Amino acid sequence: MKRRELLLLGGLAVAGCSRPLRAVNLGVRGDLYLCEGCEAVGERNFATLPSVVNIAPESEPGEPLVLTGRVFHPDKQTAAADVVIYAHHTDANGVYSRGVPGTEWSMRHGRLRGWIKTDREGRYTFRTIKPAPYPGRDLPAHIHLFIGEPGRPPYYIDDVVFAGEFGVTREYLARQERRGGSGVVAPQRTDDGTLLVRRDIVLERHP
C-alpha cells in the first residue's frame, strides 16, 4: 500500500467511529491517545521520580502487595529506561478513597496513587495494598496503569487484574486488548506474607 493510502487510513482512524481503525500492518492503535485520566501522568516532575515508590503507607488497611516488573520497547527485548508509570487503585473497601484537593484527578483517583520512572534496565516497583472490587462488584479488583514515554503523549494500558479471582472470567479475558501486554497476574506470597505480582510491560507503537 502506498504511503498516501496509509496516511488516509490514519486520518479515517482519527475521524471515524468510537473504535477507530488500526494500522494493523504497523502494529499501531489508531485510538492510542484517547485516554480519560491520562492528564494525571504529568502531575509530577519526571526528572525527580524514583523507580520504586510506596503508594500505600504502612498504616493503610488491606493486604500488603508489591507490583513489580520491567518495561520493554515494542521489540519485546530492549529494556525501556526513563518511562513514567502512573498507577492508581481502590482501597480495601473498593473505593477511590479520600482524594485530596489539587487537581481533578487527585479527587477522582483517590489517594492510593503513585508515579515511578523506570531505571536503566526498565525496572519498576510499586509498594501498596491489594485493591478490592467496586462495592457493586461489577468489575474485578484492578490497578489502573498509564504510561508516559519521553516526548510522547501518555496512554493507558490494560489494568492489572488477579487471575482466578472474582470477575476474571473467560468472557472478561476475551475482551482484553492486551495494551502493553497482558495485565493478568498470578499473586505469589513472600516469606513475610506480602503478595508479590509481576506485570511486565511492552510499550505500544506510536501513530
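Small disclaimer: the values here were computed from a predicted structure and weren't measured. (Residues numbered from 1 in each chain as written. Predicted model: local features only at pLDDT ≥ 70, side-chain atom pairs only at ≥ 80, totals over all residues. Heavy atoms only, no water.)

**Q** What am I meant to see in the pattern of salt bridges here?
**A** Any two side chains of opposite charge can pair if their charged atoms end up close together. Counted according to the given criterion, the structure contains 12 salt bridges. A salt bridge links Arg-111 to Glu-60, with the nearest nitrogen and oxygen atoms 2.4 Å apart. In this pair, Arg-111 sits in the loop between α2 (104–108) and β4 (113–117) while Glu-60 sits in the loop between β1 (52–54) and β2 (64–72), placing the two residues 51 residues apart along the sequence. Here Arg-70 makes a salt bridge to Glu-121, at a shortest N to O gap of 3.6 Å. Residue Arg-70 is found in strand β2, and its partner Glu-121 is found in the loop between β4 and β5 (123–129); the two are separated by 51 residues along the sequence. What you see here is one network of salt bridges that share partners, running through Asp-31, Glu-177 and Arg-179. (Salt bridge = Lys/Arg side-chain N within 4 Å of Asp/Glu carboxyl O. Helix = DSSP H or I, 4+ residues; strand = E, 2+ residues; numbered from the N terminus.)

**Q** For this particular structure, what's the right way to read the pairing of strand β3 (residues 84–89)?
**A** Two faces, one strand: in a regular strand the side chains alternate between the faces of the sheet. Burial runs high along β3: six of the six residues are buried. Both faces of β3 are covered, namely the face carrying Val-84, Tyr-86 and His-88 and the face carrying Ile-85, Ala-87 and His-89. Note: β3 against β4, five bridges, orientation antiparallel. The partner of Ala-87 across the bridge, within β4, is Gly-114. Bridge analysis of β3 against strand β6 (residues 142–148) gives six bridges, and the strand direction is antiparallel. (Buried < 20%, exposed > 50% of the residue type's maximum accessible area, 1.4 Å probe, protein only. Pairing = 2+ DSSP bridges.)

**Q** Looking at this structure, I do not really get the nonpolar core. What am I missing?
**A** One broad rule of soluble globular proteins: the nonpolar side chains tend to lie buried together. Core analysis: the biggest nonpolar cluster contains 29 residues, and Leu-67, Ile-85, Phe-126 and Leu-145 have the highest contact counts within it. Counting residues per element, the ones that place at least two in this core are β2, β3, β5, β6, β7 (155–162) and β10 (195–198). Tallying contributions element by element places β7 first for this core, with four residues. Beyond its immediate sequence surroundings of up to four residues, Leu-145 is in contact with Leu-67, Ile-85, Tyr-86, Ala-87, Tyr-156, Ile-157, Asp-159, Val-160, Arg-199 and Ile-201. (Core = buried A, V, L, I, M, F, W, Y, C linked by side-chain atoms within 4.5 Å. Contact = heavy atoms within 4.5 Å.)

**Q** Could you clarify how one ought to interpret the sheet that holds β6 in this entry?
**A** Two modes of strand pairing occur in sheets, parallel and antiparallel, and in both the strands are linked by backbone hydrogen bonds. Taken together, the five strands give an open sheet; going across it, the order is β4-β3-β6-β7-β8, and neighbouring strands pair in mixed fashion. The sheet is open, and its two edges are formed by β4 and β8 (184–185), each paired on a single side.

**Q** Looking at this structure, how should I read the state of the cysteines?
**A** By definition, a disulfide links the sulfur atoms of two cysteines through a covalent bond. Under the criterion given, the structure shown has one disulfide. A sulfur-sulfur separation of 1.8 Å characterises the disulfide bridge that pairs Cys-35 with Cys-38. Disulfide Cys-35-Cys-38: the torsion about the S-S bond is 80°, which places it as right-handed. On the basis of relative accessibility, which here comes to 6%, the residue Cys-38 falls in the buried class. (Disulfide = S-S within 2.5 Å.)

**Q** Looking at this structure, I do not really get the pairing of β2. What am I missing?
**A** Extensive coverage of β2 is indicated by the burial of seven of its nine residues. Here β2 pairs with β5 via seven bridges, running antiparallel. Considered in β5, the bridge of Val-66 is made with Arg-127. Examined bridge by bridge, β2 and β10 share four bridges and lie parallel to one another. Bridging across to β10, Leu-65 finds its partner in Leu-195. As paired elements, β2 and strand β11 (residues 201–202) share two bridges and run parallel to each other. Each residue of the ladder has a partner; that of Phe-72, found in β11, is Val-202.

**Q** Just to check I follow, could you spell out the packing of aromatic side chains for this structure?
**A** Aromatic ring pairs are reported here in terms of the distance separating the ring centres and the angle at which the planes meet. Inspection of the entire model under this criterion finds four aromatic pairs. Summarising the aromatic geometry, the rings of Tyr-86 and Phe-146 are spaced 5.7 Å apart at their centres and angled 40° between planes, so their arrangement reads as tilted. Taken together, the positions of Tyr-86 in strand β3 and Phe-146 in strand β6 put the pair 60 residues apart, joining distant regions of the chain. The exposure class of Tyr-86 is buried, given its relative accessible area of 0%. Clustering of aromatic rings is evident, with ring pairs tying together Tyr-86, Trp-115 and Phe-146. Lying across the ring of Phe-162, Lys-130 places its NZ or CZ 5.0 Å from the centre. Positioned above the aromatic ring of Phe-166 is the side chain of Arg-137, whose terminal nitrogen or guanidinium carbon lies 3.9 Å from the ring centre. (Phe/Tyr/Trp six-rings, centres within 6.5 Å; stacked < 30°, edge-to-face > 60°. Lys NZ or Arg CZ within 6 Å of the ring centre and 35° of its normal.)

Purely spatial values, then, with no claim about function.
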